[in-house]
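# Geometric and topological summary
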Protein chains: 2
Amino acid sequence: MSDLPRSVRITEEGPREGFQIATQPVPTADKIALIDALSATGAPRIQVASFVSPKRVPGWADADAVVAGFTPRARVSYTALWFNPQGLVRALGFKDRLSLYGSITVAASEAFSLKNLNRDRTGQIAAQRETIAAHQSAGVAVTRASVQAAFGCNFAGEVTPAEAIAAVADAMALAEETGCAIERISLADTMGWANPLLIERVVGAVRARWPAQKVSLHLHDTRGLGIPNAFAALRMGVDEFDAAVGGAGGCPFAGHPGAPGNIATEELVLLCEEMGIATGIDIDAMIAAGHLAERVLGRTLPSALLRGGSLTAFRAKARAA
Amino acid sequence: MSDLPRSVRITEEGPREGFQIATQPVPTADKIALIDALSATGAPRIQVASFVSPKRVPGWADADAVVAGFTPRARVSYTALWFNPQGLVRALGFKDRLSLYGSITVAASEAFSLKNLNRDRTGQIAAQRETIAAHQSAGVAVTRASVQAAFGCNFAGEVTPAEAIAAVADAMALAEETGCAIERISLADTMGWANPLLIERVVGAVRARWPAQKVSLHLHDTRGLGIPNAFAALRMGVDEFDAAVGGAGGCPFAGHPGAPGNIATEELVLLCEEMGIATGIDIDAMIAAGHLAERVLGRTLPSALLRGGSLTAFRAKARAA
């Protein structure tokens, strides 16, 4: 009945996701405080910044200062996001603090590729030859194939499993051509179109075709189906997920301002830990970090668990009664 | 891989659940307007009021006026909630507008029984002999066995599957003793303690022991696991759920003010319809009713889908592009 993993690795993306759509400027010190709080939760991996053009994403104009300023902890791996050689150069400046790896990024929808990556899919493949070469020159292995809008698109509508597979195949062909050993295929439901059956179909098809790679999911909870989608994936044994504390985040190029963001890390932790799947994360510390994120961002985040609270105190009270 | 039902029957409980915990008085006319809006969504069944003591639940002091005032639609079944002969008498006054059935209600936790039903479990069983007799005298069949706190309790902590089964067994024994033909066993996660694995264990055990009865679930989304829990149940073929528009509601006796309420009807509809399971409900009409519920209740409801919006407009725009 179940193929649940014994443990999962969650990449906490609250800082990168949350600040990229912040509706008011967030002081650099507050960003650093949130990262430091997240470092204390037991999260094994935290994406701390986005090295993108400040013209495109003003909320990350201070990425260098943030990465320079947080306090790294042992046993936590810190990552950042970038899409081009300029971003790589900035990241290389912090190779003592960041785990660097390269990604081949494609969108399963032509329309979203144009909006988010600023090029059509053919152009994006061509542009990445240059990016991959820059990584290889710098000695940074390109190990991830990332597919955005893998389950649907606000601009193009439905994305069929065949289209998602075709996008993965484009990325994998480019990896083969350029001699990159891809370890992980990351599938993103960038705009919250997935449902559990679609997750099963796409993940199943990707695994059948690329059995040597791990599948990692980046899910958004735009419409309340993010955690059920994660559960469907857990049922298939998927054990790598991105999530964002409080459910912060959202894509600035999705044409959907105000929509809920990523799946909330603390809800994913609750789902896993209640079913006996280890995450390494202290749920109450993550909830506290979620409340800090709300103060820093100046808004209520969508996570239900931030409102309902964990079961820890109720359990302790019941035991004491 | 799947035992998904082809259709599900959702009982919309937003009015009954939402107004029982309203933090400010809601005018009777506004309650009626919400019920009338819900009647237009295609929801097959709406629980419109609670015939409980106004001392215990002040938000339902006007239950009689609400039930007298809404406009019934053909093909919608309207229900109400009560727990004792006095409540039944009030409901009988509206037998032309309400579908009346009796329930045997027990709590799987002694502590919650005392808080919510005002009696311990033994006392509750005894009290229900009188309630059942009142139903039988009035010609109202007692067809439902309801177990509250079937998955955990804010006061008692964990509720094991064995304890949940014991509570169902108590209700079923009372039904047999009193000659009631139980058609449905309703399991309530009153305080949001369930996880998908626990749902599978308890639902599986209940079905194995009582194969002739349908299982119906009443789930709360206190901590963000309500919709994943519904998905786990759908996977087992469960096809009857309660839900509340916007995720309104919550138990006034759960010791947990401010916690998110029931699973949001519109999120359950999205989950079902996106997987090809018919609900009969127009999701955009239900989302509009959710926004009306927010205006009537004077607060933001927890549903992510009320913020993210349905896929309908995105699909139409993509097709037109």
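Scroll up to find the structure this text is about.
Attention here is on the structure that accompanies the text. Chains are numbered independently. Their residues run from 1 in the order of the written sequence. Key to labels: chains lettered from A, ligands numbered from 1, both in the order written. This being a predicted model, a pLDDT of at least 70 is required before a residue's local features are given, and a value of 80 or more before pairs of side-chain atoms are given or counted; all residues contribute to the totals for chains, interfaces and linings. Side-chain metrics rest on all non-hydrogen atoms present in the structure, leaving aside hydrogens and water.

### Some words on the overall build of chain A
Only runs of H or I of at least four residues qualify as helices and only runs of E of at least two qualify as strands under DSSP, and these elements are numbered from the N terminus. When you go through chain A residue by residue, the secondary structure sums to 13 helices and 8 strands. As a reference, a globule follows 2.2 Å times the number of residues to the power 0.38, and the radius of gyration itself is taken over C-alpha atoms. Against the compact-globule benchmark of 20 Å for 321 residues, chain A has a radius of gyration of 19 Å, which places it among compact chains. Taking the principal axes of the C-alpha coordinates as reference, chain A spans close to 65 × 50 × 35 Å. The classification of residues rests on relative accessible area computed with a 1.4 Å probe and restricted to protein chains. Under 20% of the type maximum is buried, over 50% is exposed, and intermediate values are partly exposed. Per-residue burial for chain A yields a buried fraction of 62% across its 321 residues. Taking all contacts inside chain A whose residues are at least 6 apart in sequence as the whole, residues at least 24 apart take part in 76%. Summing over all exposed atoms, chain A offers an accessible surface of approximately 11400 Å²; the carbon and sulfur share of this is 53%. Think of it this way: Lys and Arg go in the positive column, Asp and Glu in the negative one, and His and the chain ends go nowhere. The atom standing in for a charge is NZ when the residue is Lys, CZ when it is Arg, CG when it is Asp and CD when it is Glu. Positive and negative side-chain charges of chain A, numbering 30 and 31 respectively, have mean locations separated by a distance of 2 Å. Contact definition: two residues touch when any of their heavy atoms are within 4.5 Å. To measure how exposed things are, a 1.4 Å probe is used in the Shrake-Rupley method; for residues, cover is taken only from the protein chains shown.

### Thoughts on unusual backbone geometry
Residue and element names in this part refer to chain B. In the Ramachandran plot, Arg-75 falls in the positive-phi region, its phi being about 70° despite a non-glycine side chain. Among the structural elements, Arg-75 can be located in the loop between α3 (63-69) and β3 (77-81). On the basis of relative accessibility, which here comes to 80%, the residue Arg-75 falls in the exposed class. The backbone of Ala-149 sits at a positive phi, close to 55°, despite the residue not being glycine.

### Section: the interface of chain A and chain B
At the junction of the two partners, chain A supplies 45 residues and chain B supplies 45 residues. Salt bridges are defined by distance alone: a side-chain nitrogen of Lys or Arg within 4 Å of a carboxyl oxygen of Asp or Glu. At the boundary of chain A with chain B, the tally comes to 4 salt bridges. A salt bridge links A:Glu158 to B:Arg315, with the nearest nitrogen and oxygen atoms 2.2 Å apart. Definition of a polar contact: a pair of N or O atoms within 3.5 Å, with one able to donate and the other able to accept a hydrogen when the atoms are protein atoms, and with sequence-neighbouring residues admitted only if both atoms are side-chain atoms. Seen at the junction of chain A and chain B, the total is 8 residue pairs in polar contact (both at pLDDT 80 or more). Counting only elements with at least two residues in the side of chain A that touches chain B, the list comes to α8 (196-209), α9 (226-235), α10 (265-274), α12 (304-308) and α13 (312-320) of chain A. Looking at the side of chain A that touches chain B element by element, the count peaks at 5 residues for α9(A). Side-chain classes follow a simple rule in which Ala, Val, Leu, Ile, Met, Phe, Trp, Tyr, Cys and Pro form the nonpolar group, Asp, Glu, Lys and Arg form the charged group, and the remainder, Gly included, forms the polar group. Within the side of chain A that touches chain B, the residues separate by chemical class into 23 nonpolar, 12 polar and 10 charged.

### As for the nonpolar core
Side chains of a nonpolar character, in soluble globular proteins, are inclined to be buried together. Grouped together as the largest cluster of nonpolar side chains are 221 residues, with contacts concentrated most on A:Leu187, A:Leu217, B:Leu187 and B:Leu217. Residues within four places of A:Leu187 in sequence aside, it is in contact with A:Val147, A:Ala150, A:Phe151, A:Val168, A:Val202, A:Val203, A:Val206, A:Val215, A:Ser216, A:Leu217 and A:His218. Definition of nonpolar core: a set of buried residues of the types Ala, Val, Leu, Ile, Met, Phe, Trp, Tyr and Cys, connected through side-chain atoms within 4.5 Å.

### Considering the pairing of strand β6 (residues 184-189) of chain B
Residues and elements named next belong to chain B. The buried fraction of β6 is high, at 6 of 6 residues. Note that strand β5 (residues 142-148) and β6 share 4 bridges and pair parallel. Its bridge partner lying in β6, Arg-144 is registered against Arg-184. In this view, the connection linking β5 to its parallel neighbour β6 by way of helix α7 (residues 161-178) has right-handed handedness. In this description, strands pair whenever DSSP reports at least two bridges between them. In this structure, β6 lies alongside strand β7 (residues 214-219), joined through 6 bridges in parallel fashion. Assignment of crossover handedness uses the view with strands pointing away from the viewer, where a clockwise path from the first strand over the helix to the second indicates a right-handed crossover.

### Remarks on the sheet that holds strand β6 (residues 184-189) of chain A
All names here are of chain A. What the 8 strands build is an open sheet, ordered β3-β2-β1-β8-β7-β6-β5-β4; its pairing is parallel. Sheet topology places β3 (77-81) and β4 (102-107) at the edges, where each strand pairs with a single neighbour. When the angles between neighbouring strand axes are averaged without regard to direction, this sheet yields 25°. Sheet analysis places strand β1 (residues 9-12) next to strand β2 (residues 45-50), joined by 2 bridges and oriented parallel. Counterpart to Glu-12 in the pairing with β2 is Ile-46. The strands touched by α8 within the sheet are β6 and β7 (214-219), with β7 carrying the most contacts at an inclination of about 150°. Inter-axis angles, ranging from 0 to 180 degrees, are taken between N-to-C directions of lines fitted to C-alpha atoms, where helices are fitted over the stretch in contact. With respect to the sheet, α9 is in contact with β6, β7 and β8 (240-243), its orientation differing from that of β7 by roughly 170°.

### Concerning helix α2 (residues 28-39) of chain B
Residue and element names in this part refer to chain B. Working rule for helices: expected span equals 1.5 Å times residues minus one. Compared with the 16 Å implied by 1.5 Å per residue over 12 residues, the 17 Å span of α2 between its first and last C-alpha is a close match. Listed as buried for α2 are Lys-31, Ile-32, Leu-34, Ile-35, Leu-38 and Ser-39. In an axial view of α2, the angular spread of the buried residues amounts to 160°, which keeps them on one side of the axis. For α2, the elements touching its buried residues are β1 (9-12), α1 (14-20), β2 (45-50), α3, β3 and α11 (283-297). Throughout, the arc means the angular range of directions from the helix axis out to the C-beta atoms.

### A look at the pairing of β2(B)
Buried residues dominate β2(B), accounting for 6 of its 6 residues. In this fold, β2(B) hands off to α3(B), which returns the chain to β3(B); that crossover is right-handed.

### Here we look at the side chain of A:Arg144
Residues and elements named next belong to chain A. Take Arg-144: it is sitting in strand β5 (residues 142-148). Glu-240 provides the closest opposite charge to the buried, unpaired Arg-144, separated from it by 4.6 Å. Beyond its immediate sequence surroundings of up to four residues, Arg-144 is in contact with Arg-9, Arg-45, Tyr-101, Gly-102, Ser-103, Ile-104, Ile-182, Arg-184, Ser-186 and Ser-216.

### Remarks on the packing of helix α9 (residues 226-235) of chain B against helix α10 (residues 265-274) of chain B
Residues and elements named next belong to chain B. Taken N-terminus to C-terminus, the directions of α9 and α10 make an angle of 40°; their axes are 10 Å apart at the nearest point. Taken together, the axes of α9 and α10 lie oblique to each other. In the packing of α9 onto α10, the handedness of the crossing is right-handed. Contacts from Ile-227, Ala-230, Phe-231 and Leu-234 in α9 reach Glu-267, Leu-268, Leu-271 and Cys-272 in α10. Per-class residue counts for the contact of α9 with α10 are 7 nonpolar, no polar and 1 charged. Roughly parallel means an angle under 35 degrees; roughly antiparallel, over 145; roughly perpendicular, 65 to 115; everything else is oblique. Here is the rule for handedness: rotate from the far helix to the near one, and if that takes an anticlockwise turn smaller than a right angle the crossing is left-handed, while a clockwise turn gives right-handed.

### A closer look at the sheet that holds strand β4 (residues 102-107) of chain B
Hydrogen bonds between backbone groups are what pair the strands of a sheet, and the pairing can be parallel or antiparallel. All names here are of chain B. Read from one edge of the open sheet, 8 strands run β3-β2-β1-β8-β7-β6-β5-β4, paired in parallel fashion. Where the open sheet ends on each side, the last strands, each with one partner, are β3 and β4. When the angles between neighbouring strand axes are averaged without regard to direction, this sheet yields 25°. Strands in contact with helix α5 (residues 110-117) are β4 and β5; relative to β4, the strand with the most contacts, it is inclined by about 130°. Sheet contacts for helix α6 (residues 121-138): β4 and β5; angle to β4, the most-contacted strand, approximately 175°.

### Regarding the packing of aromatic side chains
Aromatic rings from Phe, Tyr and Trp, with only the six-membered ring used for Trp, were paired whenever their centres fell within 6.5 Å, and each pair was classed as stacked if the ring planes differed by under 30 degrees, edge-to-face if by over 60, and tilted otherwise. Counted according to the given criterion, the structure contains 7 aromatic pairs over all chains. Aromatic pair A:Phe70 and A:Tyr78: ring centres 4.5 Å apart, planes at 40°, arrangement tilted. Residues A:Phe70 and A:Tyr78 agree in their burial class; the two are buried. Here the guanidinium or amino end of B:Lys31 rests over the ring plane of B:Trp60, the centre of that ring lying 4.6 Å away. A cation over a ring is seen here: B:Arg97 above B:Phe70, with NZ or CZ 5.0 Å from the ring centre. Look at NZ for Lys and CZ for Arg. If either is within 6 Å of the ring centre and within 35 degrees of the ring normal, a charge sits over the ring.

### A short note on the relation of the copies chain A and chain B
Only residues with pLDDT of at least 70 in both copies count here: their C-alpha atoms drive the least-squares fit that superposes the copies. The operation relating chain A to chain B is a screw motion whose rotation component is 180°, with 0.0 Å of axial translation and a residual RMSD of 0.0 Å. Overall, the copies show the geometry of a two-fold rotation axis. When each C-alpha of chain A is compared by its distance to the rotation axis, A:Pro228 comes out closest, at 2.0 Å. Take the interface residues of chain A: 100% of them recur as interface residues in chain B, which is what a same-surface contact looks like.

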